[in-house]
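Fold and contact review
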Amino acid sequence: MSRFLDKRYYKLAPYVPGEQPQDKKYIKLNTNESPFEPSPKVVKALNSEEVKKLYLYNDPTALDLRKTIAEYYGVKAENVAVGNGSDEILAFAFNAFCGKDTPMVCPKVSYGFYPVFCEMFSLPYVAVDMKEDLSIDVGKFYDADGNVTIANPNAQTGTLLDVNEIEKLLRRKKDNVVIVDEAYIDFGGESCLPLIKMYDNLLVVRTFSKSRNMAGARLGYAIGSKGIIEDVEKMKYSFNPYNVNRLTQLAGIEAIKDDDYFKFCTNYIKDVREYTVNKLSELGCEIVPSKANFILVKLNGTDGENLYKKLKNEGILVRFLSDAQLKDYVRITIGKREMTDILVAKIKEIKRGLL
């Protein structure tokens, strides 16, 4: 830390991304990336002619991309905002709707960026305790003062809330914004998007990083009422109007259009998730029910940090999460089936060593 850093940030604890080591080749199951390349249509569209256009600014309104997203989900372009990853959209929303007297209320175990945003922007933050099974207790949010952000399926745990539960929350919090982060919804469960037309306090945030196989493109979007999207856009145009570059806008359009490839990839991951759960359950592992593209796994006889280290030594990267309720688990991204077979074999060897 330099002597020039403003004192507001002395105690700021930045978000820690998952490892991206370059020292050797790993089976990478730690950052919830897709095991698939982007759609072939995306690859074809990003040709040399498009690259040559990089001397021109991109469309700040990203209108073609927003129209494509809107048409796919049955809304209007005015109901869609796009950003440099869903993280940027979330940052805009936190800044737009919270203030020193309006906290953001989130589950205690969820996406690690939520409290970081609040600390960064000097916003009050309230963490709501989880149930013992690591699911979200919606009832605890009803009377909590402030706006609400819930990841569904929940980041870190993969647990899913029924849409009816979220609708009850929207009714109870009608004077507050409810942000539903649906980064993982395409891997299972029902989306809240149909509720957009009934509740003007709902903002649904999504990403191309997971189910659209474009983590490195950094593209996210939000869908909500016209008014709430205008608020998010106000933050964007006060920060970076050109936030989604030309090539990423084009890639997003082609990814949305290739629905067959999207369905193939997500169905494959759902099948491998079930296969992985079955194989690890046969080894006696405890697994939190997940509707995301990852699972939380506990191997009896050891803790999460030790299992993470042993797997890393074997060339497999998983995620150890230091939250008090998660310290006995590792989070494992669902990859291709052959990755699962190697993972299961290594965990079997580790288990033998614990006996």
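What counts, and at which threshold
- Residues numbered from 1 in each chain as written.
- Predicted model: local features only at pLDDT ≥ 70, side-chain atom pairs only at ≥ 80, totals over all residues.
- Heavy atoms only, no water.
- Pairing = 2+ DSSP bridges.
- Helix = DSSP H or I, 4+ residues; strand = E, 2+ residues; numbered from the N terminus.
- Contact = heavy atoms within 4.5 Å.
- Axes fitted to C-alpha atoms, helices over the stretch in contact; angles between N-to-C directions.
- Right-handed = clockwise from strand over helix to strand, strands pointing away.
- Core = buried A, V, L, I, M, F, W, Y, C linked by side-chain atoms within 4.5 Å.
- Buried < 20%, exposed > 50% of the residue type's maximum accessible area, 1.4 Å probe, protein only.
- Polar contact = N/O pair within 3.5 Å; in protein donor to acceptor, adjacent residues only side chain to side chain.
- Parallel < 35°, antiparallel > 145°, perpendicular 65-115°, else oblique.
- Left-handed = near helix turned anticlockwise from the far one by under 90°.
- Nonpolar A, V, L, I, M, F, W, Y, C, P; charged D, E, K, R; others polar.
- Salt bridge = Lys/Arg side-chain N within 4 Å of Asp/Glu carboxyl O.
- 1 Å grid on protein atoms, 1.4 Å probe; cavity = no way out; pocket = protein on both sides within 12 Å on 5 of 7 lines; lining within 4 Å.
- Points joined across faces, edges and corners; volume = space filled by probe spheres on them.
- Patch = residues over 30% accessible without salt bridge, like charges linked within 9 Å, V, L, I, M, F, W, Y side chains within 5 Å.
- Areas by Shrake-Rupley, 256 points an atom, 1.4 Å probe, with all protein chains shown as cover.
- Phe/Tyr/Trp six-rings, centres within 6.5 Å; stacked < 30°, edge-to-face > 60°.
- Lys NZ or Arg CZ within 6 Å of the ring centre and 35° of its normal.

**Description of the sheet that holds strand β13 (residues 330-333)**
- Pairing within the open sheet is antiparallel, and its four strands lie in the order β9-β10-β13-β12. For this open sheet the edge positions go to β9 (286-288) and β12 (319-320), each flanked by a neighbour on one side alone.
- Both β9 and strand β10 (residues 294-298) contribute to a ladder of three bridges, which runs antiparallel. Each bridged residue has a counterpart across the sheet, and for Glu286 the counterpart in β10 is Lys298.
- Against the sheet, helix α9 (residues 259-282) contacts β9, β10 and β13, and its axis sits at roughly 5° relative to β10.

**Describing the pairing of strand β3 (residues 104-107)**
- Of the strand pairs in this sheet, β3 and strand β4 (residues 125-128) are connected by four bridges, and their pairing is parallel. Counterpart to Val105 in the pairing with β4 is Val126.
- In terms of handedness, the path from β3 via helix α5 (residues 113-120) over to β4 forms a crossover that is right-handed.

**Thoughts on the nonpolar core**
- One finds Phe94, Ile179, Leu203, Leu280 and Ile332 to be the most contacted residues of the largest nonpolar core, which totals 58 residues.
- Here this core gets seven residues from one element, more than from any other, and that element is helix α4 (residues 85-97).
- Sequence-distant contacts of Leu203, defined by excluding residues within four places in its chain, comprise Ala93, Val178, Ile179, Val180, Ala222, Ile223, Gly224, Ile228, Ile229 and Val232.
- Counting 50 residues, the second-largest nonpolar core is a separate cluster that includes Val138, Leu195, Leu202 and Ile223.

**Digging into the environment of Gln20**
- If you trace the backbone, Gln20 turns up in the segment before β1 (27-28).
- Considering only alpha carbons, one finds Gln20 and Leu317, 297 residues apart in sequence, at a separation of 9.4 Å.
- Among all residues touching Gln20, those that are not within four sequence positions of it are Lys28, Thr31 and Glu33.
- Engagement of the side chain of Gln20 in a polar contact is seen with the side chain of Lys28, the distance being 3.1 Å.

**Observations concerning the packing of α9 against helix α11 (residues 337-354)**
- At a minimum axis distance of 10 Å, the contact between α9 and α11 shows a crossing angle of 15°. On the basis of the axis angle, α9 is roughly parallel to α11. Both α9 and α11 take part in a crossing whose hand is right-handed. Residue-level contacts link Tyr268, Val272, Tyr275, Thr276, Lys279 and Leu280 of α9 to Arg337, Glu338, Thr340, Asp341, Val344 and Ile347 of α11.
- Split by residue class, the contact of α9 with α11 holds six nonpolar, two polar and four charged.

**What about the pattern of salt bridges?**
- Inspection of the entire model under this criterion finds 18 salt bridges.
- Linking Arg218 and Asp87 is a salt bridge whose minimum nitrogen-to-oxygen distance equals 3.8 Å. Placement of Arg218 in the loop between β7 (202-207) and β8 (220-224) and of Asp87 in helix α4 is noted, with a sequence separation of 131 residues between them.
- One salt bridge in this structure joins Asp129 and Lys108, with 3.6 Å as the shortest N-O distance. Within this pair, whereas Asp129 is found in the loop between β4 and β5 (147-151), its partner Lys108 is found in the loop between β3 and α5, the two being separated by 21 residues in sequence.
- Where salt bridges share partners, they join Glu182, Asp186 and Arg206 into one cluster.

**Remarks on empty space enclosed by the protein**
- Under the counting rule described, the total for this entry stands at one cavity of 30 Å³ or more.
- By volume, the largest cavity amounts to about 40 Å³.
- Around the largest cavity sit Ser39, Ser211, Arg212, Asn213, Ala255, Asp258, Tyr261 and Phe262, which together line it.

**Focus on a nonpolar patch on the surface**
- A contiguous nonpolar patch, built from Met1, Leu5 and Tyr10 and spanning about 360 Å² of accessible area, is present on the exposed surface.
- Exposure remark for Leu5: the relative accessible area of 31% places this residue in the partly exposed category.

**Observations regarding the packing of aromatic side chains**
- As enumerated under the stated definition, the model contains 17 aromatic pairs in all.
- Ring centres of Phe36 and Phe264 lie 5.7 Å apart, and the angle between their planes is 65°; this geometry places the pair in the edge-to-face category. Residue Phe36 is located in the loop between β1 and α1 (40-45), and its partner Phe264 is located in helix α9; the two are separated by 228 residues in the primary sequence.
- Each ring, one from Tyr111 and one from Tyr114, has its centre 5.5 Å from the other, and the planes form 90°; the classification is edge-to-face. Across the pair, exposure class does not vary: Tyr111 and Tyr114 are buried alike.
- One aromatic cluster in this structure is built from Tyr15, Phe94, Tyr111, Phe113, Tyr114, Phe117 and Phe121.
- The positively charged end of Arg212 is found above the aromatic ring belonging to Phe262, 3.8 Å away from the centroid.
- The side chain of Arg337 reaches across the aromatic face of Tyr275, ending 3.8 Å from its centre.

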